[in-house]
Amino acid sequence: MNTSRILLIIGGGIAAYKSIELVRLLRKSGYVVRCVLTRAGEQFVTPLTLAALSENKVYTNLFDLKDEVEMGHIQLSREADLVVVAPATADLLAKMAAGIADDLATTLLLATDKPVLAAPAMNVRMWLHPATQRNVVTLRGDGVTVLDPDEGEMACGEFGPGRLPEPTAIFAAIEAALSSPLPLAGGVGGGPVAPSVLPLDDSGPSDMPSPSPSRKREGDLRGQPDFAPENHRPLYGRRILITAGPTHEPIDPVRYIANRSSGKQGFAIAAAAAEAGAEVLLIAGPVPLPTPPGVIRVDVETAVEMAEEVLQGLPVDAAIMVAAVADWRAADTSAQKIKKDGSGAVPPLALAENPDILAGIARSPDRPPLLIGFAAETNDVIAHAGAKLAKKGCDWIVANDVAADPMGGESNRVHIVSKNGIDSWDRLPKAAVARKLMEKIADELDARSPRQPD
Ligand code: C5P
């Protein structure tokens, strides 16, 4: 039986009736549900129905909070474990993205320090409108989980994406959101990190993006000094940045370009670095892997977002760039799904080159003392890795022989290529590769700059 507390904000729209079923599902599973109805929401469902189903008072108006005495709006927004907005109308999403607080629902959304999940529902044109798409990107960047709407026939007679996901799907997303760690307020290591500026190329303007406002940070560094086993903290006092997973480069709202990557090796490295006592910042592309204990995780979608977060994460003692970053992105992203017109004509797809994050930070004034790249190769593994070492300007390349084992496997055979030579390891489970790599990194950092005693 789940006793988590859900604050359910119900926006206006024909889909609001589905929130009744959602409340029923949540209550059946033991959740404590408090409902807030927007003024528009009240046109579709009544406070009385929701109060009866949730067995709780329903809140509708900021100003009739005589409950300020019993429960102020700040308390209302924070006593929940998760804030759910369903249906999230275009108007609500826009207000959330802009930080507007002009009624009870939007005031709660601005005041909350809890994770927020939004299930959009609106007319297909409104969903596909660039303004709504921009707002969704902003909200996701702020750490809000915005579900994709369902596609199908709409109440207004049109067809396309915009339908509220089914209550069972929203329920499943709520359970998933509650089972992942809460986002940390504030920056890495408990304090914001000063952004750094990266000149990519001396000869012209940088194609590296500037640091962004902070995205969602998951995980907990507070316990870092006690996290690693007492007698084994070779990386204690070190800061390590890791990129992992693929990047997704959108073509239109439903399609993207990506490299094949499970993220398993990068996540194993993040776990091993934290186990070895390091402060770990993991910048992860879209992968469904849990955040390892003791790791701060920032989720990104695209190479440009990943580059922004890497910039924000510097300076560090070592950066390990494991991510399979897409080399290209669509030059123009379509705000609407590109349709087959039946003629057999293929739509043109112009590409733009993504920033090379690794090469960029190699040339930056904040270059980490130890900079490590990865290379997945199917042939001439070591020769290619040697060439990449020079091209990228990093200290080591971990060359990964993927000929025998497809991406996403559980083991890796790697060669660490540096200017000092090649260190070839047997095929090992990814966790073992990660631990061995941490020992090597700790030795290297200690040789360069001995750590201060604890
Ligand atoms: O050029 P290639 O993709 O083979 O290089 C692999 C290495 O470079 C990896 O460490 C990867 O994380 C990094 N990389 C990057 N930014 C890119 C492409 C690759 O950081 N745009």
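Above this text you will find the structure in question.
Residues numbered from 1 in each chain as written. Predicted model: local features only at pLDDT ≥ 70, side-chain atom pairs only at ≥ 80, totals over all residues.

**Student:** Go over the packing of helix 1 (residues 18–28) against helix 8 (residues 167–179) with me, naming the residues and quoting the values.
**Tutor:** Between helix 1 and helix 8, the least distance of the axes is 9 Å, while the angle of their chain directions is 50 degrees. In terms of orientation, helix 1 and helix 8 fall into the oblique class. Between helix 1 and helix 8 lies a crossing of right-handed hand. The segment helix 1 lies against helix 8, with Lys18, Glu21, Leu22, Leu25 and Leu26 engaging Pro167, Thr168, Ile170 and Phe171. Of the residues assigned to the contact of helix 1 with helix 8, the class counts are 6 nonpolar, 1 polar and 2 charged. (Axes fitted to C-alpha atoms, helices over the stretch in contact; angles between N-to-C directions. Helix = DSSP H or I, 4+ residues; strand = E, 2+ residues; numbered from the N terminus. Parallel < 35°, antiparallel > 145°, perpendicular 65-115°, else oblique. Left-handed = near helix turned anticlockwise from the far one by under 90°. Contact = placed C-beta atoms within 7 Å. Nonpolar A, V, L, I, M, F, W, Y, C, P; charged D, E, K, R; others polar.)

**Student:** Could you give me a rundown of the pairing of strand 4 (residues 82–88), with the residues and numbers involved?
**Tutor:** Of all 7 residues making up strand 4, 7 are buried, and the element is well covered by its neighbours. Burial along strand 4 is two-sided: Leu82, Val84, Ala86 and Ala88 facing one way and Val83, Val85 and Pro87 facing the other are all buried. Across 4 bridges, strand 1 (residues 5–10) lies against strand 4 in parallel orientation. Considered in strand 4, the bridge of Ile6 is made with Leu82. Relative to strand 5 (residues 116–120), strand 4 runs parallel, the two sharing 4 bridges. (Buried ≥ 20, exposed ≤ 12 C-beta atoms within 10 Å, placed from the backbone. Pairing = 2+ DSSP bridges.)

**Student:** Any details on the pairing of strand 5? Residues and values, ideally.
**Tutor:** Along strand 5, 5 of the 5 residues are buried, which leaves the element largely enclosed by surrounding structure. Every second residue of strand 5 is oriented toward a common face, with Val116, Ala118 and Pro120 on one face and Leu117 and Ala119 on the other, all of them buried. Examined bridge by bridge, strand 5 and strand 6 (residues 145–146) share 2 bridges and lie parallel to one another. Of the residues in strand 6, the one forming a bridge with Ala118 is Val146.

**Student:** Give a description of the site of the ligand that names residues and reports values.
**Tutor:** Neighbouring the ligand are 14 residues; Met321, Val325, Ile357, Leu358 and Gly373 lie closest to it. Secondary structure elements with two or more residues in the shell around the ligand: helix 12 (357–362) and strand 18 (370–377). It is strand 18 that contributes the most residues to the shell around the ligand, 3 residues altogether. Residues that form the shell around the ligand fall into these classes: 8 nonpolar, 3 polar and 3 charged. (Near = placed C-beta within 6 Å.)

**Student:** Which residues make up the sheet that holds strand 2 (residues 32–37), and what values do they have?
**Tutor:** By definition, the strands of a sheet pair up through backbone hydrogen bonds, in either a parallel or an antiparallel sense. With parallel pairing, 6 strands are arranged side by side in an open sheet as 3-2-1-4-5-6. Pairing within the sheet leaves two strands with one partner each, and these edge strands are strand 3 (58–59) and strand 6. Across the face of the sheet, helix 2 (residues 47–54) comes into contact with strand 2 and strand 3 while running at roughly 170 degrees to strand 2.

**Student:** Account for the nonpolar core, with residues named and values stated.
**Tutor:** Among the nonpolar cores identified, the biggest contains 67 residues, and Ile242, Ala270, Ala273 and Val280 are the most heavily contacted of them. In terms of residue count, helix 10 (residues 264–275) provides more of this core than any other element does, 8 residues in total. Not counting the four nearest positions on each side in its chain, Val280 is found in contact with Ile240, Ile242, Ala270, Ala273, Ala274, Gly294, Val295 and Ile296. One finds Val33, Cys35, Ala105 and Met154 within the second-largest nonpolar core, a separate group that totals 55 residues. (Core = buried A, V, L, I, M, F, W, Y, C linked by C-beta atoms within 7 Å.)

**Student:** Please provide a residue-by-residue account of the environment of Pro250, values included.
**Tutor:** With respect to the secondary-structure elements, Pro250 resides in strand 11 (residues 248–252). We classify Pro250 as partly exposed; it has 17 C-beta atoms within 10 Å. For Pro250 and Ser334, which are 84 residues apart along the polypeptide, the C-alpha to C-alpha distance reads 8.5 Å. In contact with Pro250, other than residues within four places in its own chain, are Tyr256, Ala330 and Thr333.

Treat this as a map of the structure, not an account of what it does.
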